[in-house]
Amino acid sequence: MDGNTGAAPCYTRFVPTTRPRHTITETPPVQAALDELRAKLGEDERIDFAELVTLGAEVKVRRVATEDAATATARRRLAEMIRTGSFRYAVDVEGADEVKRLGLIANYDA
């Protein structure tokens, strides 16, 4: 036996980079977004995936930062309400304690 397992030979030693590589599958939502972009670009222009990833990452970073800020604000407001007891609604302390103790999950279908 020559030791060949039937697998394709490794070609990565010829790839001129040591940087990570990624594969993207055109799932239906990805395909829809790319088709819309292709329609706007026209036939002569190719999609620059590095640019798409960079732009998408920048948007995602801004979105996460916004969500983090909103979460921090909500936590501060809740902490202040707990500290001062200034709830805008009635709090069922016994019910909250029961949920905490028993780990109950709401069943709205019953």
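Just so it is clear, the model here is predicted, and its values are computed rather than measured.

Each value, and the rule that gives it
Residues numbered from 1 in each chain as written. Predicted model: local features only at pLDDT ≥ 70, side-chain atom pairs only at ≥ 80, totals over all residues. Heavy atoms only, no water. Helix = DSSP H or I, 4+ residues; strand = E, 2+ residues; numbered from the N terminus. Buried < 20%, exposed > 50% of the residue type's maximum accessible area, 1.4 Å probe, protein only. Areas by Shrake-Rupley, 256 points an atom, 1.4 Å probe, with all protein chains shown as cover. Salt bridge = Lys/Arg side-chain N within 4 Å of Asp/Glu carboxyl O. pLDDT = per-residue confidence, 0-100. Expected span 1.5 Å × (residues − 1). Polar contact = N/O pair within 3.5 Å; in protein donor to acceptor, adjacent residues only side chain to side chain.

Student: An account of the overall build of the protein chain is requested, with residue identities and associated values reported.
Tutor: A tally of regular secondary structure across the protein chain gives three helices and zero strands. Ordered by position from the N terminus, the helices and strands of the protein chain form the series α-α-α. The 110 residues of the protein chain split such that 4% are buried. Roughly 10700 Å² of accessible area belongs to the protein chain as shown, and the carbon and sulfur atoms make up 56% of that amount.

Student: Residue-level account of the pattern of salt bridges, with values.
Tutor: Counting across every chain of the model gives three salt bridges. With a closest N to O distance of 2.8 Å, glutamate 26 and arginine 38 form a salt bridge. Residue glutamate 26 is located in the segment before helix 1 (28-41), and its partner arginine 38 is located in helix 1; the two are separated by 12 residues in the primary sequence. Residue arginine 38 is classed as partly exposed on the basis of its relative accessible area of 33%. Measuring nitrogen to oxygen at the nearest pair gives 3.0 Å for the salt bridge that ties glutamate 80 to arginine 83.

Student: Report on the confidence of the model for the protein chain, specifying residues and quantitative values.
Tutor: Averaged over the protein chain, the pLDDT score is 85; the fraction of residues at 70 or greater is 82%. Mean pLDDT values for the elements of the protein chain range from 85 in helix 3 (residues 93-102) up to 95 in helix 1.

Student: Lay out helix 2 (residues 49-84) with the relevant residues and their values.
Tutor: With 36 residues, helix 2 extends 52 Å between its outermost C-alpha atoms, agreeing within 8% with the 52 Å of an ideal straight helix rising 1.5 Å per residue. With a side-chain oxygen positioned 3.2 Å from the backbone nitrogen of alanine 50, the residue opening helix 2 is aspartate 48. Immediately beyond the C-terminal end of helix 2, within one or two residues, lies glycine 85, with a positive phi of roughly 70°.

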